[in-house]
Structures are given as C-alpha cells and as structure tokens.
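# Descriptive structure summary
Chain residues, written in single-letter form:
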Amino acid sequence: MEEKCWNSPKPKEWKSEELSQGRIIDYKAFNFVDGEGVRNSLYVSGCMFHCKGCYNAATWSFKAGIPYTQDLEEQIMSDLAKPYVQGLTLLGGEPFLNTGILIPLIKRIRKELPQKDIWSWTGYTWEEMMLESEDKLEMLALIDILVDGRFDISKKNLMLQFRGSSNQRIIDVQKSLQAGKVIIWDKLNDGDQTFEQVNRNKLT
C-alpha cells in the first residue's frame, strides 16, 4: 500500500478559530519568487496537512514564530504601497487556518490599495474549499490567485511555475467563482521538461 503523504480533513473539520494562535513565521518584502512580479510575502504559522517532503515544515506548529502585530501590518501596508510592488502573497503554514488575522488585512488592502493583487497558497483543493467554513470562503472571495492542493512528493517537478508538484494548480479565483468551476490562471507557463531531463541534457 502506498504511504499516505499528508493529512486530509473532513469538510469544516479544521477551524481557524480553534487552531490559529495569530502568529507568523516570517515576512519578506520585495521578492520575486512567490508569484508574479515584485511581491511582499507573509508566512503564517500553523499547518495541519503535514505533507511529506514539505520544504517549510518549521511552519507546522501554530505556536511557532512571533505574534502578528499592528506594527507589522503597518509595515506591510507601507511596503505594499511602493509603486513597483505588484501585490501580497500569503503562505505558511496554512493561510486558511489563520483567517482571523488575514481577512482584516486583506480587507484593508482592498480598501486602501485596490490596485494590488493578492495570491495565496493552500493545502486545500478548490473542490474541498467549496465545502469549507464561511471564514475560509470569505477569504477566498477576497483574493485573486490561489495555488491549491497538498504537495505530493511523488509528483514533484521543479520545472513547474510557482508550485512544487503537478497536482497543484494556479487558479484565477474571481473567474472561477463567477464560472462555478476551476479556471486556470491565463499566464501559466510551466517548463516543458522535468528537472531530471534538464540535468540529463546538461550532461550530454
């Protein structure tokens, strides 16, 4: 039997109000790796999926890191207001198990900096999210791009754009909500070779 690579919740089983400690692992301003363009990235604490091979297992504990503070929020807003910054990216940990701190932040961005886009990673699939709690659906409706699904080490591919395994998708949230089905980001541009193929070509 194939080893299970992650935990899977029942609908509405994992609740932000019960799990989140309002903490973050890190905040990184002005990077180019967590989505399109220059971005600011907020890494929240706590994840229940525990994917095998996770590159950021240090974020699994909801007690890890430091408290999310108003001072940090002001720094995020100041950095995000820079004209060369395209948007904010939410990672973790699991952003959708930290809705208590993220929904107010996102709403503030939508009000004060509506031109900025918001990306989020999640271990939930889109289909699972459609069966989830009101807070998760509220947060989903406020973001632009969702990278969904657990990291599956058996499907790892380093040539994929902005994700680690081929089961994960880059979803245009607003188009998907309007259509009632998953609409993939129209700028998707995966490499056409696997990491192993690239290495093999370098040696020949």
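Read on for a plain summary of the structure. Not measured: the values here are computed from a predicted model. In every chain, residue numbers begin from 1 and rise along the written sequence. It should be noted that, the model being predicted, local features are given only for residues of pLDDT at least 70 and side-chain atom pairs only at 80 or more, the latter also being counted only at that level, while totals for whole chains, interfaces and linings use all residues. Side-chain metrics rest on all non-hydrogen atoms present in the structure, leaving aside hydrogens and water.

### Thoughts on helix α2 (residues 70-80)
For clarity, the cut-off: For every residue, the accessible area obtained with a 1.4 Å probe (protein chains only) is divided by the maximum for its type, and the residue is called buried under 20%, exposed over 50%, and partly exposed between those limits. Helix numbering and strand numbering both begin at the N terminus, where a helix is a DSSP run of H or I of at least 4 residues and a strand a DSSP run of E of at least 2. This arc is taken over the directions from the axis of the helix to the C-beta atoms. Contacts: residue pairs with any heavy atoms within 4.5 Å of one another.
Residues L72, E73, I76, M77, D79 and L80 constitute the buried set of α2. End-on view of α2: buried residues confined to an arc of 165°, all on one side of the axis. On the buried face of α2, the contacting elements are β1 (23-31), β2 (39-44), β4 (87-91) and α3 (99-112).

### Here we look at the packing of α3 against helix α5 (residues 134-141)
Basically, it comes down to this: Angles run from 0 to 180 degrees between N-to-C directions of axes, and those axes are lines fitted to C-alpha atoms, restricted for helices to the stretch in contact. The scheme is simple: roughly parallel for angles under 35 degrees, roughly antiparallel for over 145, roughly perpendicular for 65 to 115, oblique for anything else. It is the rotation of the near helix from the far one that decides the hand of a crossing: anticlockwise by less than a right angle makes it left-handed, clockwise makes it right-handed. Residue type decides the class: Asp, Glu, Lys and Arg count as charged, Ala, Val, Leu, Ile, Met, Phe, Trp, Tyr, Cys and Pro as nonpolar, and the leftover types, Gly among them, as polar.
In contact at an axis separation of 10 Å, α3 and α5 are set at 30° when each is read in the N-to-C sense. The angle between the axes of α3 and α5 places the two elements in the roughly parallel class. Remark: the crossing between α3 and α5 carries left-handed chirality. For the pair α3 and α5, contact is made by T99, L102, I103, I106 and K107 and by D135, K136, E138 and M139, respectively. Its residues assigned to classes, the contact of α3 with α5 comprises four nonpolar, one polar and four charged.

### Thoughts on the nonpolar core
Quick reminder of the rule: Residues belong to a common nonpolar core when they are buried Ala, Val, Leu, Ile, Met, Phe, Trp, Tyr or Cys residues joined through side-chain atoms within 4.5 Å.
Residues L42 and L105 are the most contacted members of the largest nonpolar core, which totals 39 residues. Secondary-structure elements contributing two or more residues to this core are β1, β2, α2, β4, α3, α4 (126-129) and α5. Sorting elements by how many residues they give to this core places α3 first, with six residues. In contact with L105, not counting residues within four places along its chain, are L42, Y68, E73, I76, M77 and L88.

### Observations regarding the side chain of N31
Short version of the rule: What qualifies as a polar contact is a pair of N or O atoms within 3.5 Å, subject to a donor-acceptor requirement within protein and to the restriction that residues adjacent in sequence count only when both atoms come from side chains.
As for its position among the elements, N31 is in strand β1. Under the relative-accessibility criterion, N31 is labelled buried at 12%. Within the structure, the side chain of N31 is placed 3.2 Å from the backbone nitrogen of V33, a separation counted as a polar contact. Residue contacts for N31: discarding those within four places in its chain leaves G37, V38, R39, N40 and S41.

### Digging into the environment of G87
Relative to the helices and strands, G87 resides in strand β4. Overall, the relative accessible area of 0% leaves G87 in the buried class. Those residues in contact with G87 that lie beyond four places of it in its chain are V38, R39, N40, L80, K116 and D117.

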